[in-house]
Amino acid sequence: MKCLMVVLVINLVIFLYLMYAHNLFSVDQYVLSADGASHYHREDAQHLVLAREVTVVIREFEDFENRVHETVNSFKLISPYMTVIVISDNIPYPPLKLNFSQTVHFVNLQLQPMLTNPTDVIKRLIVTPYTLFVPDGTNITRSKHLLHAVKNMKTRKFIKALAIPVGYEKLNCPGMDVHLRSWSVDFTNFVGGEGMCDYVQGNHALLMLTHDLFELTSPFERPLYVSLYMQLTLRRWKTGVFSGNVFMPTTIFKDFRSEWKHKHMEELRLENTMRKFEIKKVSYDKQKEFYYGCTKDTERCFGTVINDMPDFLYRGKWTPPCCLEAIRETARHVFNMLNKCSARYWLEGGSLLGAVRHKDIIPWDYDVDIGVYKEDLDKCDQFVTLTKRNSFTDEAGFHWEKATEGEFFRVHYSTVNRNHVDIFPFYPKSGIMTKRTWLKTHRQDTEFPENYLKPLTKVEFIGMNVSAPNNIRQFLEYKFGKGVIETPRFPNSEIVVGG
Ligand code: ZN
């Protein structure tokens with residue numbers, strides 16, 4: 001009994017001594033200063049808590065020049081048990097200098113038929129409730145600072161991600177709207193307070209609940225933040241901004257050539273991601289616009305239209321903005337030409353409907369239709385040329401052709417890009433305008449009294465004043481049926497277009 005008591009007392013003494021010693025020595029942590037040099041610093045043993053809460057992911061770095069090794073080390077020095085995962089699209093070349101351990105992992109996203117799907121591998125590696133994306137060249141100052149950020153995120157119920165600045169640069173919070181239906185992303189200058197951001201600009205790390213991260217369609221797409229913020233915005237998930245000195249940056253690129261190469265690669269990756277997410281237009285404050293869709297040198301974004309319903313309508317999308325723009329450009333070119341040679345023409349069918357509704361092409365329409373007096377055709381060189389040749393490309397690069405489907409003309413955006421304008425020659429026959437070819441795909445294409453063209457009037461369309469029939473409403477209701485202007489419908493469907 002005595003023996004037991006003695007042992008217990010000795011144990012207690014040893015325990016108390018260990019507690020004391022722990023406070024004295026083992027609480028020291030490495031802390032990196034901005035220049036990357038390390039020195040000792042006293043800090044609580046919070047690194048263990050941190051390791052249980054957060055997994056670090058390094059996704060954004062260039063193969064040709066990076067600081068991945070240093071970034072990983074920074075975290076390992078502060079919190080040796082923290083899991084750090086480096087994710088890449090392939091095996092980096094030249095190879096990364098990584099000291100792999102039980103907590104440092106590399107995952108190659110390239111699908112390899114004999115291996116497990118890399119996303120599943122990552123899911124297994126991340127066992128912490130939080131995942132933290134850090135940009136290449138990030139140095140952590142102290143574990144307790146990062147823990148503050150985690151705590152901050154826990155208290156803010158309405159955010160799904162937390163942006164933590166790297167360095168002292170102020171983070172911006174512009175508005176972002178993603179419209180999948182019109183294949184576009186709009187950025188606005190609106191700065192939505194740091195509490196609820198759609199998008200965060202500036203060098204930062206991003207903290208998310210691991211569970212939320214894997215709810216995303218594609219959590220590791222690059223450019224990482226553009227892709228993540230698009231996916232967050234589509235879910236109406238907001239991002240908060242943390243202010244605190246958690247991370248310091250180091251310079252990655254040693255000269256402007258590497259910097260330039262990095263920017264170039266970034267653009268290529270952006271283009272690739274936009275294609276995957278089907279975004280074809282990005283606008284900044286409705287002023288600067290960037291198109292990622294078709295051009296004069298590439299094919300039109302959609303294939304041959306069957307039954308007047310382009311494929312994208314079945315997928316809940318409208319005509320790609322690049323295509324609408326190509327059709328507008330082609331139509332303006334054709335109107336200018338028709339005005340020049342004084343041929344009597346008028347806006348037809350769906351195009352006229354669009355003009356009346358909103359002075360533009362109907363957002364899900366895929367061409368512009370124009371009627372012209374057949375007897376005026378020989379006033380215009382272009383049509384005269386088409387009596388001798390089946391097709392030609394004019395100086396501006398538009399491709400004119402005699403349609404193979406019947407007696408009408410088609411002007412394409414270019415030889416390769418088949419976005420087009422159709423021109424239908426009509427002639428009067430006992431007061432009725434008629435023509436040779438009737439297309440099944442243009443269902444509202446019918447004969448009509450010539451009165452509507454006497455006189456011709458003007459209507460605003462795609463930024464021009466173009467020729468149109470008189471009594472437009474009556475003309476449209478004659479062709480499409482009553483109430484057509486007020487009731488938008490898809491071409492070959494009884495479904496009324498919502499919203
Ligand atoms: Zn297009």
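I will try to describe carefully the structure that is included in this document. Everything numeric here is computed off the predicted structure, so don't read it as measured data.

## Topic: the overall build of the protein chain
And then number 1: Of regular secondary structure, the protein chain possesses 13 helices and 25 strands.
And then number 2: Taking all 499 residues of the protein chain together, 50% fall into the buried category.
And then number 3: Residue pairs in contact within the protein chain that sit at least 24 positions apart in sequence constitute 64% of those at least 6 positions apart.

## Focus on the pairing of strand β11 (residues 204-209)
And then number 1: Of all 6 residues making up β11, 5 are buried, and the element is well covered by its neighbours.
And then number 2: Taken together, the 4 bridges between strand β6 (residues 130-133) and β11 define a ladder with antiparallel strand orientation. The residue bridging Y130 from the neighbouring strand is L209, located in β11.
And then number 3: Examined bridge by bridge, strand β8 (residues 159-165) and β11 share 5 bridges and lie antiparallel to one another. Residue pairing for β11: A163 is matched across the bridge by L206.

## A look at the packing of helix α11 (residues 349-358) against helix α13 (residues 472-480)
And then number 1: Closest axis-to-axis distance for the α11/α13 pair is 11 Å, and the angle between their directions is 140°. When the interaxial angle is binned, α11 and α13 end up oblique. Both α11 and α13 take part in a crossing whose hand is left-handed. Every residue of α13 that contacts α11 at G349, G350, L352, L353 and V356 is listed here: I472, F475, L476 and F480.
And then number 2: Per-class residue counts for the contact of α11 with α13 are 7 nonpolar, 2 polar and no charged.

## Topic: the pattern of salt bridges
And then number 1: Evaluated as defined, the whole model comprises 30 salt bridges.
And then number 2: Two residues, D198 and K238, come together in a salt bridge whose shortest N-O distance is 2.6 Å. Taken together, the positions of D198 in the loop between β10 (184-191) and β11 and K238 in strand β12 (residues 238-241) put the pair 40 residues apart, joining distant regions of the chain.
And then number 3: Of the charged contacts, one joins R473 and E486 as a salt bridge, the two residues approaching to 2.8 Å between their closest N and O atoms.

## Quick notes on the coordination of the zinc ion
And then number 1: Within the protein, the atoms that donate to the zinc ion are C294 (SG), C301 (SG), C322 (SG) and C323 (SG), at distances of 2.1 to 2.4 Å.
And then number 2: The coordination sphere of the zinc ion comprises 4 donor atoms, whose angles at the metal cover 90 to 125°; the geometry is tetrahedral.

## Thoughts on the state of the cysteines
And then number 1: Applying the stated criterion across every chain yields a total of 2 disulfides.
And then number 2: There is a disulfide in this structure between C173 and C197, and the S-S distance comes to 2.1 Å. Between C173 and C197, the S-S torsion sits near -125°, and that sign places the bridge as left-handed. Of this pair, C173 sits in the loop between β8 and β9 (174-179) while C197 sits in the loop between β10 and β11, and the two are 24 residues apart along the sequence. C197 matches C173 in its accessibility class, with the two residues each being buried.
And then number 3: Between C341 and C380 runs a disulfide, and the two sulfur atoms are separated by 2.0 Å.

## Comments concerning the nonpolar core
Here is a general trend for soluble globular proteins: nonpolar side chains tend to be buried in one another's company.
And then number 1: Residues F335, L347, V368, F383, W400, I423 and F461 are the most contacted members of the largest nonpolar core, which totals 67 residues.
And then number 2: Take this core: its biggest share by element is 10 residues, from helix α10 (residues 321-340).
And then number 3: One finds I85, I126, L216 and Y225 within the second-largest nonpolar core, a separate group that totals 39 residues.

## Some thoughts on the sheet that holds strand β3 (residues 54-58)
And then number 1: Across the sheet, which stays open at both edges, the 7 strands sit in the order β5-β4-β3-β6-β11-β8-β12 with mixed pairing between neighbours. Each edge of the open sheet carries a strand with a single partner, namely β5 (104-108) and β12. Averaged over neighbouring strand pairs, the angle between their axes works out to 25° when direction is ignored.
And then number 2: Relative to the sheet, helix α5 (residues 143-155) contacts β3, β6, β8 and β11, its axis offset from that of β8 by approximately 155°.

## A few points about the side chain of T210
And then number 1: Tracing the backbone shows T210 in helix α6 (residues 210-213).
And then number 2: Looking at T210, its side chain comes within polar contact range of the side chain of T131, at 2.8 Å.
And then number 3: If we ignore the near neighbours within four places in the chain, the residues touching T210 are I126, T128, P129, Y130 and T131.

## What about the packing of aromatic side chains?
And then number 1: Under the definition given, this model contains 27 aromatic pairs.
And then number 2: Both rings, one in Y225 and one in Y229, keep their centres 6.0 Å apart while their planes meet at 50°; by these two values the pair is tilted. Separated by 4 residues within a single helix, Y225 and Y229 lie in helix α7 (residues 224-234), roughly one turn from each other. Y229 carries the same exposure label as Y225, and that label is buried.
And then number 3: Ring geometry for Y284 against F290: centres 5.9 Å apart, planes inclined by 85°, an arrangement best described as edge-to-face.
And then number 4: Taken together, the aromatic side chains of W346, Y373, F426, W438, F448, Y452, F475 and Y478 make up a single cluster linked through ring pairs.
And then number 5: Across from the ring centre of W237, 6.0 Å away, lies the NZ or CZ of R235, which sits over that ring.

## Some points on the side chain of D186
And then number 1: Counting through the fold element by element, D186 comes out in strand β10.
And then number 2: For D186, a relative accessible area of 18% puts it in the buried group.
And then number 3: Within the local environment of D186, its side chain forms a polar contact with the side chain of H179, the two groups lying 3.4 Å apart.
And then number 4: Within polar-contact distance, the side chain of D186 engages the side chain of S283 at 2.7 Å.

## So, the pairing of strand β15 (residues 288-291)
And then number 1: Sheet topology note: the strand β14 (residues 281-284)/β15 ladder contains 4 bridges and is antiparallel. Residue pairing for β15: K281 is matched across the bridge by Y291.
And then number 2: Once β14 ends, the chain turns through 3 residues before running back antiparallel as β15, passing D285 with a positive phi of about 55°.

## What about the environment of V356?
And then number 1: If you trace the backbone, V356 turns up in helix α11.
And then number 2: Overall, the relative accessible area of 33% leaves V356 in the partly exposed class.
And then number 3: When the C-alpha positions of V356 and E460 are compared, they lie 8.0 Å apart, and in sequence the two are 104 residues distant.
And then number 4: Non-local contacts of V356, meaning those with residues more than four positions away in its chain, are made with I472, L476 and I485.

Rules behind the numbers
Residues numbered from 1 in each chain as written. Predicted model: local features only at pLDDT ≥ 70, side-chain atom pairs only at ≥ 80, totals over all residues. Heavy atoms only, no water. Helix = DSSP H or I, 4+ residues; strand = E, 2+ residues; numbered from the N terminus. Buried < 20%, exposed > 50% of the residue type's maximum accessible area, 1.4 Å probe, protein only. Contact = heavy atoms within 4.5 Å. Pairing = 2+ DSSP bridges. Axes fitted to C-alpha atoms, helices over the stretch in contact; angles between N-to-C directions. Parallel < 35°, antiparallel > 145°, perpendicular 65-115°, else oblique. Left-handed = near helix turned anticlockwise from the far one by under 90°. Nonpolar A, V, L, I, M, F, W, Y, C, P; charged D, E, K, R; others polar. Salt bridge = Lys/Arg side-chain N within 4 Å of Asp/Glu carboxyl O. Donors = N, O, S within 2.8 Å, 3.2 Å for Na, K, Ca; no water. Tetrahedral: all angles 85-135°; square planar, octahedral: opposite > 155°, others 65-115°. Disulfide = S-S within 2.5 Å. Core = buried A, V, L, I, M, F, W, Y, C linked by side-chain atoms within 4.5 Å. Polar contact = N/O pair within 3.5 Å; in protein donor to acceptor, adjacent residues only side chain to side chain. Phe/Tyr/Trp six-rings, centres within 6.5 Å; stacked < 30°, edge-to-face > 60°. Lys NZ or Arg CZ within 6 Å of the ring centre and 35° of its normal.

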